[in-house]
Amino acid sequence: MVEAVVVARQFDDARQQRRASDLGMWVFLATEILFFGALFMSYTISRIHAPEAFAIASRLTNITLGSVNTAVLLTSSLTMALAVRAMKLGMRRTSVGFMCATIALGIAFLAIKGTEYWLDYTGNLVPAVNFAQPGPHAAGVELFFFLYFVMTGWHSLHMLIGIVVVGSLAVMAWRSDFTPDYFTPVELGGLYWHLVDIVWIFLYPLLYLVSRA
Amino acid sequence: MIAHPVPRVRTYVLVWVALICLLLLTLGSAYMNLGRLNAGINLAIAAAKAWLVAFFFMHLRSSHYMLRIAAATGFFWLAILIGLSLTDFAVRY
Amino acid sequence: MSTVAVPLRGSYLEAGFSLWSWLSTVDHKRIAILYALSITAFFFVGGVAATLIRLELVTPAGDLVSAETYNKLFTMHGVIMVWFFLIPSIPSTLGNFLVPLMIGARDLAFPRLNLASWYLYVAGGLFTVGALIAGGVDTGWTFYTPFSTMFSNTHVIAAVIGVFIVGFSSILTGINFIVTIHKMRAPGMTLFRLPLFIWSMYATGIIFVLATPVLAMTLFLITVERLFGVGVFDPALGGDPLLFQHLFWFYSHPAVYVMILPAMGVASEIIPCYSRNNIFAYRSMAFAVLAIAIIGFLVWGHHMFVSGQSIYAGMVFSILSFLVAVPSAIKVFNWTATLYKGSISFDAPMLYALGFVGLFTVGGMTGLFLASLALDVHLHDTYFVIAHFHYIMVGGAVMAFLGAVHFWWPKITGRMYSDRWARFAAIVVFVGFNLTFFPQFLLGYLGMPRRYHEYPPEFQVLNVLSSAGASVLAVGYLLPLCYLLWSLKYGARAGSNPWRATGLEWQTPSPPPVENFVSIPEVTEPPYAYREKDRSDG
């Protein structure tokens, strides 16, 4: 059964509405690149300033958990992309299933991250809280971990928002709010999820792989 | 409606396989002492992963060119921020 | 016949009279009015701070307020005028009102985001006013570290949160403008038939979305550093205060182009209309707007020539700063050329627009002085800089804003104001402005530093002239408040096109109906077709 797409009053037709939504979302994603970008800039400058400190500090991160988390997030992008694809093909249950998988992987990511934070805490690596590291490069190591917590903190906040968004989309999809002709919110939600994944893709080598050899 | 064929599940799964391979590559190469090359390799691999996600998962491959410009602009502008600042920091540090 | 202000039947002003109908509106025209009211309120708060500053500077001794209070005054003046008046002024009021009308759309692409942007603006404003009431901030609007992060005893965080929030208002506006201009133009409205005001709004939107997020994160970083004593800006911890300055100015320099590009767009609408001429070299005007926006992102280091950044960076940013002057100059030449063989009338909007061109030229040229490394060593942090940016932001942007308000007042309100009073006020503003700020060039050149509440006695005469000028300027600003508000009740009804201007916004009633157009027009002519020969695209 064909259901008409609801077109907001400012748009001429569904096509214009779709194109506007897509462009608006991508422009928003560009703002996110620059938002995190200020942190990547701070990281770059700080690392150039204190390369030895960053090397030491990076070795203190938990590479196992970090790498597992990267795999978890990359997989969640796969499930999200499949969720969007299923929605486009009208496969409602499959789509909701993939969205739930995405959420589960997102929660797993946050759980692993939380574990890491706990381990950092017990390892006296939390600036302003209990940071205590030996050696002449301690200040630089603390700077690294300051950036580590700020960058992964903002990333985790975005993950949390993403989980809420995908959760809402799953509920809406379950209630048959979407059709193959109208599933823009799912598509846009997917874009957001993938962007948060891309941020992590860059965070991972910068935080975990600086000097492992 | 966008009249592009819906990608096959196989495509998405292959992209995921590529991403995991790149993850293993970046992790593995980090344990090889390549000096300054390590950072470059890691960033290049990260860029490749990001490109795969953007191109395939985010459908930039079949998108209106304006969306690709928006995406590229974000990264390019970040490059300006870091690049021009380096005229100061790379000289002073 | 009736002297009671009754909006035209069916206009957007009549679509609901309750407060809630205004606070919950998604009509871009109503949101524009909400913004207009709020920015006017902030303008006067910032103006009170300016008044106290100029009163203090009448005498060499720091006898009106303490040094700490003075620091708070110039900080709040800057914070409020930059973020709560200038940056939203033309884009969020006139841009919001006119963008859909000028391109032949029913509304912006995302009306609810538009309303959200106003609420974010108000929320940010509340934090900042809260900081003000709680005792103020004394770091300067630039929040330089380490003073802001480590040594200031004032309400830095509250003010910074306020600016952080209002930044998202800008970002949402930028997204809305970019998408609307790309996707919602009327049939026949090709890119090169767009009014130059739209090109300006587009470029402004691009700056909003690319620059503001960097500021947001930077403000977050100084908040954290202030709260927790750790961060990337403290050299004792391995950080670098110049990192803050690079991040801050990466946003704040493009922000000044946010303040001037809309003003340029306004000038490009007014000058053709009151010279009955096509704009000279339309395409170069459009490309110049984009060039200014883009090159404007490459010059931020010129605020840091004496900060300790490398001389190499200084040279690069200096050359790029000279480069950005080129498209601006092209625009000044083109506005001038537009007047040639025109049929010029000096209505109030034109007086403001011409004043804008002249004063912007002065401000822009003095920018070149500051872009020269050797000169900047002497002029940095003096009144020369203050005069330079006030010539551009007040002589330029505020004059253009007033010109725009006067030009589109009939369209927005459906009423005509008294042109005699308006012209008088424009002249008062022009005279008052120059008397206030020209002496400041001399003061700066002679060596008077900025942000000082006391100065050597030999600078008094120039300071007194400047303060006298400020009182004249204040009168000039109060006058429009009087006669424009008066016109709402007693002004003659405006027709749809009282100025016989081109542009789609003039082809709909004044004030417009809620849906802007009875039926979406189709565009067949280039813009500014004031002359018969300009009616075709060839």
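The numbers attached to residues start from 1 for each chain and follow its sequence in the written order. Going through the entries in the order they are written, you letter the chains from A and number the ligands from 1. Local features are withheld for residues below a pLDDT of 70 in this predicted model, meaning they are given only at 70 or higher, and side-chain atom pairs are given and counted only at 80 or more; totals for whole chains, interfaces and linings count all residues.

**With respect to the overall build of chain B**
The line we're drawing: In DSSP terms, a helix is any run of H or I states spanning at least four residues, a strand is any run of E spanning at least two, and both are numbered starting from the N terminus. Throughout, the radius of gyration refers to the C-alpha atoms, and the reference size of a globule is 2.2 Å times the residue count to the power 0.38.
When helices and strands are counted, chain B shows three helices and zero strands. Order of helices (α) and strands (β) in chain B, N terminus to C terminus: α-α-α. In summary, chain B has a C-alpha radius of gyration of 17 Å against a globular reference of 12 Å for 93 residues, an excess of more than 25%. Projected onto the principal axes, the alpha-carbon positions of chain B cover approximately 55 × 35 × 10 Å.

**With respect to the overall build of chain C**
To keep it simple, the criterion reads: Backbone-placed C-beta atoms define the burial measure: a residue is buried with 20 or more other C-beta atoms within 10 Å of its own, exposed with 12 or fewer, and partly exposed in between. By the convention adopted here, residues make contact when the C-beta atoms placed from their backbones lie within 7 Å.
The helix and strand tally for chain C stands at 15 helices and zero strands. Since a compact globule built from 538 residues should have a radius of gyration of about 24 Å, the 23 Å found for chain C is in line with a globular shape. Dimensions of chain C, computed from C-alpha atoms along their principal axes, come out at roughly 65 × 50 × 45 Å. The buried share of chain C, reckoned over its 538 residues, is 58%. Sequence-distant contacts, at least 24 apart, represent 84% of the contacts inside chain C between residues at least 6 apart.

**Considering the interface of chain A and chain B**
What counts is decided by this rule: All amino acids are sorted into three groups, where Ala, Val, Leu, Ile, Met, Phe, Trp, Tyr, Cys and Pro are nonpolar, Asp, Glu, Lys and Arg are charged, and the leftover types, Gly among them, are polar.
At the junction of the two partners, chain A supplies 39 residues and chain B supplies 41 residues. At the level of elements, α1 (14-49), α3 (63-88) and α6 (184-208) of chain A are the ones that each hand at least two residues to the side of chain A that touches chain B. It is α1 of chain A that contributes the most residues to the side of chain A that touches chain B, 16 residues altogether. Tallied by class, the residues present in the side of chain A that touches chain B amount to 24 nonpolar, eight polar and seven charged.

**A look at the nonpolar core**
In summary, soluble globular proteins display a tendency toward joint burial of nonpolar side chains. Going by this rule: Here, a nonpolar core means buried Ala, Val, Leu, Ile, Met, Phe, Trp, Tyr and Cys residues linked by C-beta atoms lying within 7 Å of one another. Where each domain starts and ends follows an automatic or database-derived domain assignment.
Counting 286 residues, the largest nonpolar core has Ala267 and Ala400 of chain C as the members making the most contacts within it. Among the elements that make up this core, the one with the highest residue count is helix α8 (residues 241-275) of chain C (23 residues). Summarising the domain contributions, this core has at least three residues from each of domain 1 (1-62) and domain 2 (63-93) of chain B. Once residues within four sequence positions are removed from consideration, Ala267 of chain C is found in contact with Trp335, Ala353, Phe356, Val357 and Ala400 of chain C.

**Remarks on the domain arrangement of chain B**
Residue and element names in this part refer to chain B. The domain boundaries assigned to chain B delineate domain 1 (1-62) and domain 2 (63-93). With centres defined by C-alpha atoms, the gap from domain 1 to domain 2 works out at 20 Å. On the side of domain 2, four residues touch domain 1, which itself brings four residues to the contact. Within the side of domain 1 that touches domain 2, the residues separate by chemical class into two nonpolar, two polar and no charged.

**A closer look at the interface of chain C and chain B**
With 14 residues of chain C at the contact, the number on the chain B side is 10 residues. The set of elements that each furnish at least two residues to the side of chain C that touches chain B consists of α7 (196-228), α8 and α10 (311-339) of chain C. Counted by class, the side of chain C that touches chain B contains nine nonpolar, five polar and no charged residues.

**Remarks on α6 of chain A**
To keep things clear, this is the line we draw: Every helix has an expected span of 1.5 Å times one less than the residues it contains.
End to end, α6 of chain A covers 36 Å across 25 residues, agreeing with the expected 36 Å (1.5 Å per residue, within 8%). Judged by how many residues are buried, α6 of chain A sits mostly within the fold: 23 of 25 residues are covered.

**What about the packing of α8 of chain C against helix α11 (residues 348-371) of chain C?**
All names here are of chain C. Using the following cut-off: For helices, the fitted axis covers only the stretch in contact; all axes are lines through C-alpha atoms, and the angles between them, taken along N-to-C directions, range from 0 to 180 degrees. Oblique is the label for every angle not falling under 35 degrees (roughly parallel), over 145 degrees (roughly antiparallel), or within 65 to 115 degrees (roughly perpendicular). With the far helix as reference, a near helix turned anticlockwise by less than a right angle produces a left-handed crossing, and one turned clockwise produces a right-handed crossing.
The geometry of α8 relative to α11 is characterised by a closest axis approach of 9 Å and an angle of 125° between their N-to-C directions. The pairing of α8 with α11 is recorded here as oblique in orientation. The way α8 lies across α11 gives a crossing that is left-handed. Contact residues: α8 offers Ala263, Ala267, Ile270, Ile271 and Tyr274, while α11 offers Pro349, Met350, Ala353, Phe356 and Val357. The residue makeup of the contact of α8 with α11, split by class, is 10 nonpolar, no polar and no charged.

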